[in-house]
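Okay, here's what each chain looks like letter by letter:
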Amino acid sequence: MADTETVEETFEETETEVRRKIVRKSLRIQETSSTTKTTTMTTPAKLYGKDISEYDELDVDELLSKLSAEEIKILAKEVDPDDSFLPPSQRCNYECEKDPTGPLNRKQLIEHINKQAIEAPDEPELKPYVPGTVRGKKWVPPPPPKKEQDASEQIAIDLGDEYEQALTDATQEEIIDLAAILGFHSMMNQDQYHASLLNKGQPVGMGWDGITKASKQKIYPQDPPNDTDIEKTIKQVQQDDPKLTDLNWNNIKNISDEKFDDLFEALSNNTHLETLSLTNVGLTDRQAQKLAEALERNNTLRVVNVETNFIAPTGIVRLIKSLLKTQVVEEFRASNQRSQVLGNKIEMEITSLIEKNPTILRLGLHLEYNDARHRIATHLQRNIDTNSRVMKANYKVILNPGGGPIKVELTG
């Protein structure tokens, strides 16, 4: 008896679930009270061209009560309700009657599927593959559209009688100038543009009517080596030669430390040298320290150039700080050193040193931060303006009443 009751209860639950499944798909439930529910069926106005509005008030519960259990199961298989509240086992038509053999082992299942896929023999082809044999109709790409059209059909722009007449009567030089104004000069390379502008016989492929092509790279001869005599110039600096105002050691290789020491030691007492160029000579921090000590004692240098060397950021700060001692250097260049990036701390320190220098007018140094660049540029412009006002104040203009030449005398 207990087994029979269990079977009956299971059947009742299954029948209820099936009815719930059918009702959720095709019924609209209207709740009239907390205990009473009225079930009505909502159907479209027409189904396959037939008017089915007569079934609007059909009682589905009464129809389902007349069906047997087997008929309800068949009906449940035909209905797939789109209801996310139903579990997938009740929405799927497939029913597995086998009992599970054990818990699910995902790794073992994947290995079994892979093994079956590898061991399953391939289905033989009806026609074996033969290399070079075309089966069926071979695809042939359609021919490209014809682009051969007249210029009047390609570009139909009405410029007006006045502009058309002006362009028709314009010379080639005038058309080139007009194209340059409109920005069309970029359609020609430099050689073609100058050939059209200068009218150099217009060779084939050149000129206004030529096709734009990359011009060949122009090879310029290398600069001659610097033949400055190091020993001689050092002696001139030591002897304070008035003829030596510009010392250029740029690009001279293998200068010994003793030569640099002799030069920087002689700079301390020199009163005629105004420009010192030491670009690409292998200066290090030790030699930069010697140069900074010489700049603190020299009162005549106006331009100092130490670009393209091996000076560290701290060495550059030391050189810029040495310019504050005498305040006579107007141009200082030290870019392209061992460290391309100075860093925020070094740049701010350089900025504060430059802002204290009232005589420097030009600074050649790569700065990364906008704040440092802006503050230094503002201070340099202020120094240039001040220097211009001082120069104007030091000169007095004397006008000749008799109409003679104007005289300018230095007052300061």
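As a reminder, the structure under discussion sits directly above these lines.
In this report, the structure presented in the accompanying data block is examined.

The next thing to look at is helix α3 (residues 69-78). A69, I72 and A76 are the residues of α3 that are buried. Buried residues in α3, looked at end-on, bunch into an arc of 55 degrees, giving them a common side. Turned more than 90 degrees away from the buried face of α3, the exposed residues are E70, I74 and E78.

Moving on: the packing of aromatic side chains. Taken as a whole and assessed by the stated rule, the structure comprises two aromatic pairs. Ring geometry for W249 and F260: centres 6.1 Å apart, planes at 55 degrees, overall tilted. Within this pair, whereas W249 is found in the loop between β5 (246-248) and α11 (257-267), its partner F260 is found in helix α11, the two being separated by 11 residues in sequence. There is no split in this pair, since W249 and F260 are both buried.

Further remarks concern the pattern of salt bridges. As enumerated under the stated definition, the model contains eight salt bridges in all. Of the charged contacts, one joins R338 and D285 as a salt bridge, the two residues approaching to 3.5 Å between their closest N and O atoms. You can see R338 sitting in the loop between β8 (331-333) and α14 (344-355) and its partner D285 sitting in helix α12 (residues 285-295), a full 53 residues away along the chain. Here R338 falls in the exposed class, since its relative accessible area comes to 53%. The salt bridge involving E331 is made with R333; its shortest N-O contact spans 2.6 Å. On the accessibility criterion, E331 (13% relative accessible area) is buried. One network of salt bridges, with partners in common, ties together E331, R333 and R362.

Moving on to the sheet that holds β5. Here five strands make up an open sheet; going across it, the order is β5-β6-β7-β8-β9 and the pairing parallel. Of all strands in the sheet, those bounded by a partner on one side alone are β5 and β9 (362-364). Neighbour-to-neighbour, the strand axes of this sheet turn through a mean angle of 5 degrees, independent of strand direction. Pairing of β8 with β9, which is carried by three bridges, proceeds in the parallel orientation. Note that in β9 the partner of R333 across the bridge is G364.

A grouping of L104, L109 and I113 is seen on the molecular surface, where their side chains present a nonpolar patch of about 320 Å² in accessible area. Locating L109 in the fold gives a position in helix α5 (residues 106-119).

On to α12. The complete set of buried residues in α12 reads Q287, A288, L291, A292, A294 and L295. An end-on view of α12 places all buried positions within 160 degrees of arc, on one side of the element. The inward-facing, buried residues of α12 abut α11, β6 (275-277), β7 (303-305) and α13 (313-326).

Take the packing of α14 against helix α15 (residues 370-393) next. In the contact formed by α14 and α15, the axes pass within 10 Å of each other and the chain directions differ by 10 degrees. One finds that α14 runs roughly parallel with respect to α15. The segment α14 lies against α15, with E347, M348, I350, T351, I354 and E355 engaging D371, A372, R375, I376, H379 and L380.

Together, D51, E54, D56 and E57 make up a negatively charged patch on the protein surface. Structurally, E54 is set in the loop between β4 (50-51) and α2 (60-65).

Now for the environment of L291. Secondary-structure assignment places L291 in helix α12. When its relative accessible area of 1% is taken as the criterion, L291 is described as buried. Between the C-alpha atom of L291 and that of L263, which follows or precedes it by 28 residues, the distance is 8.9 Å. Beyond its immediate stretch of four places on either side in the chain, L291 contacts F264, L267, L276, V306 and L319.

Another aspect to go through is the environment of I346. Inspection of the secondary structure puts I346 in helix α14. On the accessibility criterion, I346 (13% relative accessible area) is buried. Once the C-alpha coordinates of I346 and V317 are considered, the two residues, 29 residues apart in sequence, prove to be 7.4 Å apart. The residues touching I346, leaving out its near neighbours within four places in the chain, are P313 and V317.

What counts, and where the lines are drawn
Residues numbered from 1 in each chain as written. Predicted model: local features only at pLDDT ≥ 70, side-chain atom pairs only at ≥ 80, totals over all residues. Heavy atoms only, no water. Buried < 20%, exposed > 50% of the residue type's maximum accessible area, 1.4 Å probe, protein only. Helix = DSSP H or I, 4+ residues; strand = E, 2+ residues; numbered from the N terminus. Arc of directions from axis to C-beta. Phe/Tyr/Trp six-rings, centres within 6.5 Å; stacked < 30°, edge-to-face > 60°. Salt bridge = Lys/Arg side-chain N within 4 Å of Asp/Glu carboxyl O. Pairing = 2+ DSSP bridges. Axes fitted to C-alpha atoms, helices over the stretch in contact; angles between N-to-C directions. Patch = residues over 30% accessible without salt bridge, like charges linked within 9 Å, V, L, I, M, F, W, Y side chains within 5 Å. Areas by Shrake-Rupley, 256 points an atom, 1.4 Å probe, with all protein chains shown as cover. Contact = heavy atoms within 4.5 Å. Parallel < 35°, antiparallel > 145°, perpendicular 65-115°, else oblique. Lys, Arg positive; Asp, Glu negative; His and termini not counted. Charge placed at Lys NZ, Arg CZ, Asp CG, Glu CD.

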